[in-house]
Amino acid sequence: MSKKIVIIGGGPGGYVAAIRAAQLGAEVHLIEMDQLGGTCLNTGCIPTKTLLHTAELFQAVKRGGSLGLVAEHIRVDWSALMDRKASVVQRLVQGTTGLLKANQVTVHRGRAELLDAKTVRIQGNELKALSADAVIVAVGSEPAKHVFQGSDLPGVIDSTEALDLPQVPSSMVIIGGGVIGVEFAALYQALGTKVTVVEKMPTILPLMDKEVTSTLRKELSSQGVTWLTGAQLTGVQQDGDVLLTSIIVDGSVSILKSDYVLVAVGRSPKTSNLGLEKLGVNMERSAVLVNEHFETNIPGVYAVGDCNGQIMLAHAASAQGIAAVEHVLGHTPTYNRDVIPSCVYTKPEIATVGLTEEQAQERKIAYKTGVFSLAANGKSIIESDENGFVKMIVGAEWGEILGVHIVGPRATDLIAEASLAINSQITVNEFITTIHPHPTVSEAMGEAALAVDGQEIHWPPRIGVR
């Protein structure tokens, strides 16, 4: 007899879980109150990267003289770009809808509320309730609220609103130097906006490898982004048509003028009004607490993706959704939380997986590093994008791959090879003996492996190594 699973939320955690559950023979019901695809598809990953792609092409054509490419009067048609963004989103939403239908997942529209561990009420066009053998909560997150003087002024926006501005602004202050803030900084700077990023921490992207973030900061600085780190926001005021952002840096007050202030200080689980607290589900602030199978303290109730506050990445949500339904249906999940890649879609791109050097030091793990500069990589030079590197961190005794950190072209694609290497527990020697095609950026992966022992081919010998 098949089990009945009710999934609340149709984002990358929910719809992927629904499809996997259907593949395994369950009767699946998915409840979504807005658009299928969730934040990632509708107001996050996909529309942001669509805009970033055009911005990157715009910059490449503007600098095309050195490539033997001359284009006159190049400009961004913002209205056309907004239409393309909407078209990409619509196509993928339709694709998601079609996949759910093809897998015989029943989709319900409306707001869901848990009445008990086995019953979910749907408030939509009509009120109805669904019984279930298991409930998976996959409601995602929303931009974190940051209340300060002037936070409710027109022009003080969040990341969702930043995707639908009426035109490219002449200036923007971004509060927050995490992934969201940095990507929007790269986007709008490339489109011609004067961008200033305000970050309270000493560095941007504070959880990433310090060499990687330093390289990105320098590169985006050369493109025109202004960084104010170790800076404290005190408030925003309206002054005619502009906003005045007051910050404190090194004990001094500075006033920044801009058309918009984008608040990008992270995201918060969107778990209110679901009946979780009434049911007795353990929470930490707005995050749902779960075990290694993503099950809450209430048997049969699971939470995956951003709403459990563990790793707020779309691909992590999908992997968690698969693991949860496999556990519900008696299978053995293979989710590995230590091998989840993280990507930043700036130019240059950043991608990381596994341990940073700082984390290895904190855990007292003996390690070695191999770093290969893209200044010696033919494909990176061809693409005029050689200001980056590949760093490989390996165990000192056995040579197992502990972490890989990339800044440069194709980084977000290359990181999959590193993820496979760590997940498969291969050694640096096995990485070395894997032949990489030429000319590609991927060659730098093999060279970084060789560099662990100073044996890289396309770099002069290091003094004292050979």
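Predicted model only: the values in this text are computed from it and were never measured.

Draft legend 1. Inspection of the overall build of the protein chain at higher detail. Regarding its fold elements, the protein chain presents 13 helices and 25 strands. Here the C-alpha atoms of the protein chain give a radius of gyration of 24 Å, agreeing with the 23 Å that 2.2 N^0.38 yields for 466 residues. For the protein chain, the spread of C-alpha atoms along the three principal axes comes to 70 × 65 × 45 Å. Counting the 466 residues in the protein chain, one finds 50% classified as buried.

Draft legend 2. Structural context of the state of the cysteines. Tallied over the full model, the rule gives 1 disulfide. Shown here is the disulfide that connects C40 with C45, its sulfur atoms set 2.4 Å apart. In this structure, the disulfide formed by C40 and C45 twists by about -130° around the S-S bond and is classed as left-handed. Given the relative accessible area of 17%, C40 is considered buried.

Draft legend 3. Quick peek at the nonpolar core. Grouped together as the largest cluster of nonpolar side chains are 47 residues, with contacts concentrated most on I8, L114 and V137. Among all residues touching V137, those that are not within four sequence positions of it are I8, L114, L274, L276, Y302, A303, V304 and C307. Formed by 37 residues, the second largest nonpolar core is a distinct cluster that contains L81, L165, L220 and V407.

Draft legend 4. Examining the sheet that holds strand 4 (residues 111-116) more closely. Strand order in the open sheet made by the 3 strands is 4-5-6, with antiparallel pairing throughout. Both outer strands of the open sheet, strand 4 and strand 6 (127-131), are each paired with one neighbouring strand and no more. Averaged over all adjacent pairs, the angle separating strand axes in this sheet is 25°, with direction ignored. Bridge analysis of strand 4 against strand 5 (residues 119-123) gives 5 bridges, and the strand direction is antiparallel. Bridging from a neighbouring strand, D116 pairs with T119 of strand 5.

Draft legend 5. Spotlight on a nonpolar patch on the surface. Taken together, the side chains of I248, V253 and I255 make up a nonpolar region of the molecular surface, amounting to roughly 260 Å² of accessible area. Mapped onto the fold, I248 is located in strand 14 (residues 242-249).

Draft legend 6. Quick peek at unusual backbone geometry. The omega torsion across K347 and P348 is 10°, close enough to zero to call that bond cis. Residue placement: P348 occurs in the loop between strand 21 (342-344) and strand 22 (349-354). The step from H438 to P439 runs through a cis peptide bond, and the omega angle for that step is -5°. Mapped onto the fold, P439 is located in the loop between helix 12 (428-432) and helix 13 (443-451). The phi angle at S384 is positive, at roughly 55°, despite the residue not being glycine. Looking at the secondary structure, you find S384 in the loop between helix 10 (378-382) and strand 24 (389-395). Despite not being glycine, R410 shows a phi value in the positive range, around 65°. When you line up the elements, R410 lands in the loop between strand 25 (401-408) and helix 11 (411-423).

Draft legend 7. Fine view of empty space enclosed by the protein. Tallied over the full model, the rule gives 1 cavity of 30 Å³ or more. Estimated volume of the largest cavity: approximately 40 Å³. P143, A144, D158, S159, I180, V263, A264, V265, G266 and R267 are the residues that line the largest cavity. For the lining of the largest cavity, the per-class residue count stands at 6 nonpolar, 2 polar and 2 charged.

Draft legend 8. Expanded view of the packing of aromatic side chains. Tallied over the full model, the rule gives 4 aromatic pairs. Judged by centre distance (6.2 Å) and plane angle (45°), the ring pair of W78 and Y188 falls under tilted. With W78 in helix 4 (residues 78-102) and Y188 in helix 5 (residues 179-190), the pair connects residues that are 110 residues apart, well separated along the chain. With a relative accessible area of 9%, W78 lands in the buried category. Residue Y188 is classed as buried on the basis of its relative accessible area of 0%.

Draft legend 9. Quick peek at the layout of surface pockets. Taken as a whole, the second largest pocket spans an internal volume of roughly 750 Å³. Forming the walls of the second largest pocket are 28 residues, and the residues nearest its centre are E56, L57, A60, K347 and D385. Per element, the largest residue contribution to the lining of the second largest pocket is 8 residues, and it comes from helix 3 (residues 45-62). Among the residues making up the lining of the second largest pocket, the classes are represented as 11 nonpolar, 8 polar and 9 charged.

Draft legend 10. Layout of helix 6 (residues 210-223). Its 14 residues give helix 6 an end-to-end C-alpha distance of 20 Å, which sits within 8% of 20 Å, the value for a rise of 1.5 Å per residue. Burial in helix 6 covers these residues: V212, T213, T215, L216, E219 and L220. Across the axial projection of helix 6, the buried residues extend over an arc of 160°, all falling on one side. Summarising the geometry of helix 6, the exposed residues directed more than 90 degrees from the buried face are K218 and S222. Each element contacted by the buried residues of helix 6 is listed here: helix 5, strand 12 (226-229), strand 22, strand 24 and strand 25. A distance of 3.0 Å separates the backbone nitrogen of E211 from a side-chain oxygen at the start of helix 6, and that oxygen is part of D209. Once helix 6 ends, the next one or two residues include G224, with phi positive near 120°.

Draft legend 11. Broad picture of the pairing of strand 14. Burial within strand 14 is extensive, with 6 of its 8 residues counted as buried. Relative to strand 14, strand 13 (residues 231-239) is paired through 8 bridges, and the arrangement is antiparallel. The residue bridging Q232 from the neighbouring strand is I248, located in strand 14. In this structure, the hairpin formed by strand 13 and strand 14 is closed by a connection of 2 residues, where G240 is found at a positive phi of approximately 65°. Two elements, strand 14 and strand 15 (residues 252-258), share 7 bridges in a ladder whose sense is antiparallel. Note on strand 15: the bridge partner recorded for T245 is L256. As consecutive antiparallel partners, strand 14 and strand 15 are separated by 2 residues, and within that stretch D250 has a phi angle of approximately 55°, a positive value.

About the cut-offs
- Residues numbered from 1 in each chain as written.
- Predicted model: local features only at pLDDT ≥ 70, side-chain atom pairs only at ≥ 80, totals over all residues.
- Heavy atoms only, no water.
- Helix = DSSP H or I, 4+ residues; strand = E, 2+ residues; numbered from the N terminus.
- Rg over C-alpha atoms; globule rule 2.2 N^0.38 Å.
- Buried < 20%, exposed > 50% of the residue type's maximum accessible area, 1.4 Å probe, protein only.
- Disulfide = S-S within 2.5 Å.
- Core = buried A, V, L, I, M, F, W, Y, C linked by side-chain atoms within 4.5 Å.
- Contact = heavy atoms within 4.5 Å.
- Pairing = 2+ DSSP bridges.
- Axes fitted to C-alpha atoms, helices over the stretch in contact; angles between N-to-C directions.
- Patch = residues over 30% accessible without salt bridge, like charges linked within 9 Å, V, L, I, M, F, W, Y side chains within 5 Å.
- Areas by Shrake-Rupley, 256 points an atom, 1.4 Å probe, with all protein chains shown as cover.
- Salt bridge = Lys/Arg side-chain N within 4 Å of Asp/Glu carboxyl O.
- 1 Å grid on protein atoms, 1.4 Å probe; cavity = no way out; pocket = protein on both sides within 12 Å on 5 of 7 lines; lining within 4 Å.
- Points joined across faces, edges and corners; volume = space filled by probe spheres on them.
- Nonpolar A, V, L, I, M, F, W, Y, C, P; charged D, E, K, R; others polar.
- Phe/Tyr/Trp six-rings, centres within 6.5 Å; stacked < 30°, edge-to-face > 60°.
- Expected span 1.5 Å × (residues − 1).
- Arc of directions from axis to C-beta.
- Polar contact = N/O pair within 3.5 Å; in protein donor to acceptor, adjacent residues only side chain to side chain.

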